[in-house]
Amino acid sequence: MFTSVDDVSARLAETGYLASPAVATTVFLADRLGKPLLAEGPAGVGKTELAKAVAAVAGARLIRLQCYEGVDESRALYEWNHAKQLLRISAGRDESWDETRTDIFGEEFLLPRPLLTAIRGDDPKVLLIDETDKADVEVEGLLLEVLGDFQVTVPELGTVTATRRPFVVLTSNATRELSEALRRRCLFLHIGFPDAELERRIVRLRVPGIEAALAESVVRVVGALRAMDLRKVPSVAETVDWARTLLALGAGTLDETVVRDSLGVVLKHQDDIQKAAAKLDLDAL
(Lines give C-alpha, C1' and ligand atoms only; values in the text may rest on other atoms or scores of the structure.)
Protein backbone atom coordinates (compact mmCIF):
# COMPACT_ATOMS: atom_id res chain seq x y z
CA MET A 1 0.00 0.00 0.00
CA PHE A 2 2.82 2.39 0.84
CA THR A 3 6.11 3.17 -0.87
CA SER A 4 7.86 4.86 2.06
CA VAL A 5 7.39 6.24 5.56
CA ASP A 6 6.84 9.71 4.10
CA ASP A 7 4.19 8.25 1.82
CA VAL A 8 2.37 6.88 4.89
CA SER A 9 2.44 10.29 6.59
CA ALA A 10 1.25 12.14 3.51
CA ARG A 11 -1.56 9.75 2.62
CA LEU A 12 -2.85 9.41 6.17
CA ALA A 13 -2.86 13.20 6.45
CA GLU A 14 -5.15 13.32 3.41
CA THR A 15 -7.75 11.41 5.46
CA GLY A 16 -7.37 13.78 8.42
CA TYR A 17 -5.05 11.56 10.46
CA LEU A 18 -1.80 13.27 11.42
CA ALA A 19 0.71 10.54 12.21
CA SER A 20 3.84 10.95 14.28
CA PRO A 21 7.09 9.57 12.77
CA ALA A 22 6.84 6.50 15.02
CA VAL A 23 3.28 5.77 13.89
CA ALA A 24 4.10 6.26 10.21
CA THR A 25 7.19 4.05 10.45
CA THR A 26 5.34 1.20 12.17
CA VAL A 27 2.44 1.33 9.69
CA PHE A 28 4.91 1.18 6.80
CA LEU A 29 6.72 -1.81 8.30
CA ALA A 30 3.46 -3.64 9.10
CA ASP A 31 2.41 -3.23 5.49
CA ARG A 32 5.80 -4.16 4.03
CA LEU A 33 6.37 -7.17 6.32
CA GLY A 34 2.76 -8.37 6.30
CA LYS A 35 2.58 -8.46 10.09
CA PRO A 36 -0.25 -7.40 12.41
CA LEU A 37 0.18 -4.10 14.22
CA LEU A 38 -0.53 -3.97 17.96
CA ALA A 39 -1.30 -0.37 18.98
CA GLU A 40 -1.32 0.13 22.74
CA GLY A 41 -1.95 3.26 24.76
CA PRO A 42 -4.56 5.25 26.67
CA ALA A 43 -8.09 5.59 25.33
CA GLY A 44 -8.77 8.38 22.88
CA VAL A 45 -5.31 8.83 21.36
CA GLY A 46 -6.23 7.61 17.87
CA LYS A 47 -5.62 3.85 17.87
CA THR A 48 -8.97 2.95 16.33
CA GLU A 49 -8.87 5.97 14.04
CA LEU A 50 -5.54 4.73 12.68
CA ALA A 51 -7.16 1.55 11.37
CA LYS A 52 -9.97 3.57 9.83
CA ALA A 53 -7.48 5.92 8.17
CA VAL A 54 -5.44 3.03 6.72
CA ALA A 55 -8.64 1.50 5.31
CA ALA A 56 -9.60 4.82 3.73
CA VAL A 57 -6.13 5.25 2.21
CA ALA A 58 -6.11 1.73 0.79
CA GLY A 59 -9.69 1.80 -0.44
CA ALA A 60 -10.12 -1.33 1.69
CA ARG A 61 -13.12 -2.70 3.54
CA LEU A 62 -12.86 -2.16 7.29
CA ILE A 63 -13.86 -5.25 9.27
CA ARG A 64 -14.14 -4.65 13.00
CA LEU A 65 -14.15 -7.13 15.86
CA GLN A 66 -15.13 -5.23 19.00
CA CYS A 67 -13.79 -7.18 21.95
CA TYR A 68 -15.53 -7.38 25.31
CA GLU A 69 -15.71 -9.75 28.24
CA GLY A 70 -17.53 -12.86 27.07
CA VAL A 71 -16.85 -12.57 23.34
CA ASP A 72 -16.41 -16.11 22.03
CA GLU A 73 -15.73 -18.10 18.87
CA SER A 74 -19.27 -17.73 17.56
CA ARG A 75 -19.02 -13.94 17.80
CA ALA A 76 -15.46 -13.65 16.52
CA LEU A 77 -15.04 -16.45 14.00
CA TYR A 78 -18.23 -18.05 12.69
CA GLU A 79 -21.42 -19.80 13.65
CA TRP A 80 -24.05 -21.88 11.91
CA ASN A 81 -27.48 -20.54 11.02
CA HIS A 82 -29.40 -22.92 13.25
CA ALA A 83 -32.83 -21.62 12.30
CA LYS A 84 -32.13 -22.15 8.63
CA GLN A 85 -30.66 -25.58 9.33
CA LEU A 86 -33.84 -26.63 11.18
CA LEU A 87 -35.96 -25.47 8.25
CA ARG A 88 -33.81 -27.49 5.88
CA ILE A 89 -34.09 -30.59 8.08
CA SER A 90 -37.86 -30.18 8.26
CA ALA A 91 -38.11 -29.80 4.50
CA GLY A 92 -36.08 -32.97 3.87
CA ARG A 93 -37.82 -35.43 6.15
CA ASP A 94 -37.71 -38.17 3.51
CA GLU A 95 -33.91 -37.95 3.22
CA SER A 96 -31.38 -39.96 5.16
CA TRP A 97 -29.40 -38.24 7.93
CA ASP A 98 -26.18 -38.54 5.92
CA GLU A 99 -27.77 -36.68 3.01
CA THR A 100 -29.19 -33.97 5.25
CA ARG A 101 -25.99 -33.56 7.28
CA THR A 102 -23.91 -33.01 4.16
CA ASP A 103 -26.27 -30.30 3.04
CA ILE A 104 -26.85 -28.33 6.26
CA PHE A 105 -23.14 -27.86 6.91
CA GLY A 106 -22.52 -26.10 3.61
CA GLU A 107 -21.68 -22.50 2.79
CA GLU A 108 -25.34 -21.55 2.57
CA PHE A 109 -25.76 -22.14 6.30
CA LEU A 110 -22.49 -20.58 7.47
CA LEU A 111 -22.54 -17.18 9.18
CA PRO A 112 -19.00 -15.76 8.96
CA ARG A 113 -17.99 -13.35 11.71
CA PRO A 114 -15.18 -10.75 11.52
CA LEU A 115 -12.14 -13.06 11.70
CA LEU A 116 -13.38 -15.46 9.03
CA THR A 117 -14.70 -12.65 6.87
CA ALA A 118 -11.32 -10.92 6.94
CA ILE A 119 -9.40 -13.84 5.42
CA ARG A 120 -11.94 -14.81 2.77
CA GLY A 121 -12.00 -13.25 -0.67
CA ASP A 122 -9.49 -11.31 -2.73
CA ASP A 123 -10.64 -7.76 -2.02
CA PRO A 124 -8.43 -5.54 0.17
CA LYS A 125 -9.43 -5.48 3.83
CA VAL A 126 -8.33 -3.93 7.09
CA LEU A 127 -9.11 -6.08 10.12
CA LEU A 128 -9.53 -4.05 13.31
CA ILE A 129 -9.48 -6.10 16.52
CA ASP A 130 -10.52 -3.34 18.88
CA GLU A 131 -9.81 -3.29 22.64
CA THR A 132 -8.19 -6.73 22.59
CA ASP A 133 -7.37 -6.46 26.28
CA LYS A 134 -11.08 -6.55 27.15
CA ALA A 135 -11.52 -10.04 25.69
CA ASP A 136 -11.02 -13.19 27.76
CA VAL A 137 -7.62 -14.87 27.65
CA GLU A 138 -9.14 -17.82 25.76
CA VAL A 139 -9.89 -15.58 22.79
CA GLU A 140 -6.16 -14.98 22.34
CA GLY A 141 -5.72 -18.65 21.46
CA LEU A 142 -8.22 -18.15 18.66
CA LEU A 143 -6.30 -15.14 17.42
CA LEU A 144 -3.00 -17.01 17.32
CA GLU A 145 -4.04 -19.26 14.42
CA VAL A 146 -5.62 -16.40 12.51
CA LEU A 147 -2.74 -13.97 12.96
CA GLY A 148 0.04 -16.55 12.75
CA ASP A 149 -0.94 -18.35 9.56
CA PHE A 150 -3.88 -16.26 8.39
CA GLN A 151 -6.04 -19.33 8.25
CA VAL A 152 -9.10 -20.65 10.04
CA THR A 153 -10.20 -24.23 10.46
CA VAL A 154 -13.91 -24.96 10.13
CA PRO A 155 -14.24 -28.67 11.07
CA GLU A 156 -17.19 -29.27 8.74
CA LEU A 157 -15.63 -27.48 5.77
CA GLY A 158 -11.85 -27.72 6.28
CA THR A 159 -9.17 -25.05 6.51
CA VAL A 160 -9.76 -21.63 4.98
CA THR A 161 -6.48 -19.89 4.08
CA ALA A 162 -6.25 -16.25 3.10
CA THR A 163 -5.43 -15.67 -0.55
CA ARG A 164 -4.91 -12.00 0.23
CA ARG A 165 -3.83 -11.08 3.73
CA PRO A 166 -5.68 -8.25 5.42
CA PHE A 167 -3.88 -5.37 7.08
CA VAL A 168 -4.44 -6.12 10.78
CA VAL A 169 -4.59 -3.61 13.62
CA LEU A 170 -5.09 -4.74 17.21
CA THR A 171 -5.72 -2.08 19.82
CA SER A 172 -5.26 -2.29 23.58
CA ASN A 173 -5.77 0.14 26.44
CA ALA A 174 -3.47 -2.04 28.57
CA THR A 175 -6.14 -2.88 31.14
CA ARG A 176 -4.61 -6.37 31.23
CA GLU A 177 -1.36 -7.84 29.94
CA LEU A 178 -1.63 -9.55 26.58
CA SER A 179 0.17 -12.88 26.14
CA GLU A 180 3.72 -13.02 24.86
CA ALA A 181 2.61 -15.42 22.11
CA LEU A 182 0.22 -12.81 20.73
CA ARG A 183 2.76 -10.01 21.06
CA ARG A 184 5.37 -12.04 19.15
CA ARG A 185 3.11 -12.16 16.13
CA CYS A 186 2.73 -8.39 16.00
CA LEU A 187 4.72 -5.23 15.49
CA PHE A 188 4.30 -3.16 18.64
CA LEU A 189 3.38 0.52 18.63
CA HIS A 190 2.75 2.62 21.71
CA ILE A 191 0.57 5.62 20.97
CA GLY A 192 0.66 8.14 23.78
CA PHE A 193 -0.52 11.70 23.98
CA PRO A 194 1.00 13.80 21.18
CA ASP A 195 3.37 16.65 21.85
CA ALA A 196 1.89 20.13 21.95
CA GLU A 197 2.81 21.01 18.37
CA LEU A 198 1.21 17.88 16.90
CA GLU A 199 -1.89 18.29 19.05
CA ARG A 200 -2.27 21.88 17.86
CA ARG A 201 -2.11 20.67 14.27
CA ILE A 202 -4.72 18.01 15.02
CA VAL A 203 -7.06 20.59 16.56
CA ARG A 204 -6.64 23.00 13.63
CA LEU A 205 -7.32 20.17 11.18
CA ARG A 206 -10.32 18.67 13.00
CA VAL A 207 -11.91 22.00 13.99
CA PRO A 208 -11.99 24.20 10.89
CA GLY A 209 -12.42 27.86 11.69
CA ILE A 210 -10.77 27.86 15.09
CA GLU A 211 -8.25 30.63 15.60
CA ALA A 212 -4.63 29.64 16.10
CA ALA A 213 -4.45 31.44 19.46
CA LEU A 214 -7.51 29.62 20.82
CA ALA A 215 -6.22 26.25 19.60
CA GLU A 216 -2.92 26.93 21.34
CA SER A 217 -4.71 27.88 24.58
CA VAL A 218 -6.83 24.72 24.48
CA VAL A 219 -3.80 22.49 24.01
CA ARG A 220 -1.90 24.30 26.75
CA VAL A 221 -4.74 23.93 29.27
CA VAL A 222 -5.28 20.26 28.36
CA GLY A 223 -1.57 19.69 28.93
CA ALA A 224 -1.89 21.22 32.39
CA LEU A 225 -4.89 18.99 33.14
CA ARG A 226 -2.93 15.90 32.10
CA ALA A 227 -0.22 16.84 34.59
CA MET A 228 -2.74 16.69 37.43
CA ASP A 229 -3.55 13.58 39.43
CA LEU A 230 -6.96 12.93 37.86
CA ARG A 231 -9.06 9.79 37.63
CA LYS A 232 -9.29 10.21 33.85
CA VAL A 233 -7.00 12.63 32.05
CA PRO A 234 -8.37 14.16 28.85
CA SER A 235 -7.63 12.35 25.59
CA VAL A 236 -6.94 13.86 22.19
CA ALA A 237 -10.56 13.18 21.23
CA GLU A 238 -11.68 15.26 24.22
CA THR A 239 -9.28 18.05 23.27
CA VAL A 240 -10.96 18.19 19.85
CA ASP A 241 -14.43 18.07 21.43
CA TRP A 242 -13.53 20.95 23.73
CA ALA A 243 -12.23 23.03 20.84
CA ARG A 244 -15.49 22.42 18.95
CA THR A 245 -17.46 23.35 22.05
CA LEU A 246 -15.60 26.65 22.47
CA LEU A 247 -16.12 27.44 18.80
CA ALA A 248 -19.85 26.72 19.14
CA LEU A 249 -20.02 28.99 22.21
CA GLY A 250 -18.34 31.77 20.27
CA ALA A 251 -15.45 31.94 22.74
CA GLY A 252 -12.45 33.78 21.36
CA THR A 253 -10.27 33.18 24.41
CA LEU A 254 -10.15 30.91 27.44
CA ASP A 255 -11.11 32.69 30.64
CA GLU A 256 -12.16 31.32 34.01
CA THR A 257 -15.87 31.55 33.26
CA VAL A 258 -15.64 29.71 29.94
CA VAL A 259 -13.39 27.04 31.38
CA ARG A 260 -15.59 26.50 34.43
CA ASP A 261 -18.76 26.23 32.33
CA SER A 262 -17.30 23.79 29.80
CA LEU A 263 -14.98 21.56 31.85
CA GLY A 264 -17.55 18.77 31.66
CA VAL A 265 -16.67 18.36 27.99
CA VAL A 266 -13.06 17.49 28.70
CA LEU A 267 -13.31 15.91 32.17
CA LYS A 268 -15.74 13.08 32.92
CA HIS A 269 -15.74 12.83 36.73
CA GLN A 270 -17.07 15.40 39.20
CA ASP A 271 -14.11 15.07 41.53
CA ASP A 272 -11.77 15.70 38.57
CA ILE A 273 -13.75 18.81 37.66
CA GLN A 274 -13.58 20.10 41.23
CA LYS A 275 -9.86 19.40 41.46
CA ALA A 276 -9.17 21.10 38.12
CA ALA A 277 -11.28 24.13 39.03
CA ALA A 278 -9.32 24.54 42.27
CA LYS A 279 -5.84 24.00 40.86
CA LEU A 280 -5.98 25.38 37.34
CA ASP A 281 -4.31 28.77 37.09
CA LEU A 282 -4.93 30.20 33.64
CA ASP A 283 -2.71 33.23 34.28
CA ALA A 284 0.28 30.97 34.86
CA LEU A 285 -0.18 29.05 31.61
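Residues numbered from 1 in each chain as written. Predicted model: local features only at pLDDT ≥ 70, side-chain atom pairs only at ≥ 80, totals over all residues. Heavy atoms only, no water.

Trainee: Just give me the short version of the side chain of D7, but keep the residues and values in it.
Mentor: Relative to the helices and strands, D7 resides in helix 1 (residues 5-14). Only 3.1 Å separates the side chain of D7 from the backbone nitrogen of T3, close enough to count as a polar contact. The residues touching D7, leaving out its near neighbours within four places in the chain, are M1 and F2. (Helix = DSSP H or I, 4+ residues; strand = E, 2+ residues; numbered from the N terminus. Polar contact = N/O pair within 3.5 Å; in protein donor to acceptor, adjacent residues only side chain to side chain. Contact = heavy atoms within 4.5 Å.)

Trainee: Talk me through the packing of aromatic side chains; I want residue IDs and the actual numbers.
Mentor: Across all of its chains, the model carries 1 aromatic pair by this definition. Arranged with centres 6.3 Å apart and planes meeting at 80°, the rings of Y78 and W80 form a pair that is edge-to-face. On the basis of relative accessible area, Y78 is assigned to the buried category, the value being 9%. The positively charged end of K84 is found above the aromatic ring belonging to F109, 5.8 Å away from the centroid. (Phe/Tyr/Trp six-rings, centres within 6.5 Å; stacked < 30°, edge-to-face > 60°. Buried < 20%, exposed > 50% of the residue type's maximum accessible area, 1.4 Å probe, protein only. Lys NZ or Arg CZ within 6 Å of the ring centre and 35° of its normal.)

Trainee: Now, about the environment of L198: what can you tell me, with residues and values included?
Mentor: Note that L198 resides in helix 10 (residues 196-206). A relative accessible area of 13% places L198 in the buried class. Separated by 111 residues in the primary sequence, L198 and L87 have C-alpha atoms spaced 58 Å apart. Apart from the residues lying within four places of it in its own chain, the contact partners of L198 are L18 and S20.

Trainee: Can you lay out the sheet that holds strand 8 (residues 167-172) for me, pointing to particular residues and giving the numbers?
Mentor: The strand order across the open sheet built from 5 strands is 2-5-8-1-9, with neighbouring strands paired in parallel fashion. The sheet is open, and its two borders are formed by strand 2 (61-66) and strand 9 (187-190), each paired with just one other strand. Between one strand and the next, the sheet's axes are offset by a mean angle of 20°, whatever the strand orientation. Relative to strand 5 (residues 125-130), strand 2 runs parallel, the two sharing 6 bridges. Within the sheet, the bridge partner assigned to R64 lies in strand 5 and is L128. Contacting strand 1 (37-40), strand 8 and strand 9, helix 2 (residues 21-33) crosses the sheet at an angle of about 165° to strand 9. (Pairing = 2+ DSSP bridges. Axes fitted to C-alpha atoms, helices over the stretch in contact; angles between N-to-C directions.)

Trainee: Go over the pattern of salt bridges with me, naming the residues and quoting the values.
Mentor: For the structure on display, the rule yields 18 salt bridges. In this structure, E140 engages R176 in a salt bridge whose closest nitrogen and oxygen atoms are separated by 2.8 Å. Placement of E140 in helix 8 (residues 137-149) and of R176 in the loop between strand 8 and helix 9 (180-184) is noted, with a sequence separation of 36 residues between them. A salt bridge links K232 to E238, with the nearest nitrogen and oxygen atoms 3.3 Å apart. Look at K232 and you get partly exposed, because its relative accessible area is 25%. On the basis of relative accessibility, which here comes to 10%, the residue E238 falls in the buried class. The network of salt bridges with common partners includes E40, E177 and R183. (Salt bridge = Lys/Arg side-chain N within 4 Å of Asp/Glu carboxyl O.)

Trainee: How would you explain the layout of surface pockets if you had to name every residue and give the values?
Mentor: Space inside the largest pocket adds up to approximately 470 Å³. Taken together, 26 residues make up the lining of the largest pocket; nearest its centre are Y17, V45, G46, I202 and V236. Sorting the residues of the lining of the largest pocket by element identifies helix 2, strand 9, helix 10 and helix 12 (236-249) as the ones contributing at least two each. With 5 residues, helix 12 is the single largest residue contributor to the lining of the largest pocket. Here the residues of the lining of the largest pocket sort into 15 nonpolar, 6 polar and 5 charged. Considering only enclosed or pocket space, the second largest pocket measures out at about 230 Å³ in volume. Lining of the second largest pocket is provided by 16 residues; of these, M1, D31, R165, P166 and F167 occupy positions nearest its centre. The set of elements that each furnish at least two residues to the lining of the second largest pocket consists of helix 2, strand 5 and strand 8. Tallied by class, the residues present in the lining of the second largest pocket amount to 10 nonpolar, 1 polar and 5 charged. (1 Å grid on protein atoms, 1.4 Å probe; cavity = no way out; pocket = protein on both sides within 12 Å on 5 of 7 lines; lining within 4 Å. Points joined across faces, edges and corners; volume = space filled by probe spheres on them. Nonpolar A, V, L, I, M, F, W, Y, C, P; charged D, E, K, R; others polar.)

Trainee: Explain a negative patch on the surface residue by residue, including any values.
Mentor: Taken together, the side chains of D255, E256, D261, D281 and D283 present a region of like negative charge at the surface. Note on placement: D261 falls in helix 13 (residues 256-266). (Patch = residues over 30% accessible without salt bridge, like charges linked within 9 Å, V, L, I, M, F, W, Y side chains within 5 Å. Areas by Shrake-Rupley, 256 points an atom, 1.4 Å probe, with all protein chains shown as cover. Lys, Arg positive; Asp, Glu negative; His and termini not counted. Charge placed at Lys NZ, Arg CZ, Asp CG, Glu CD.)

Trainee: A description of helix 8 should follow, citing residues and the corresponding values.
Mentor: The largest bend in helix 8 comes to about 30°, at L143. Those residues of helix 8 that sit buried are V139, E140, L142, L143, V146 and L147. In this fold, the buried residues of helix 8 make contact with helix 4 (73-76), helix 7 (114-119), strand 5, strand 6 (151-154), strand 8 and helix 9. F150, located one to two residues past helix 8, shows a positive phi value of around 50°. (Bend = angle between axes of the 7 residues up to and from the residue.)

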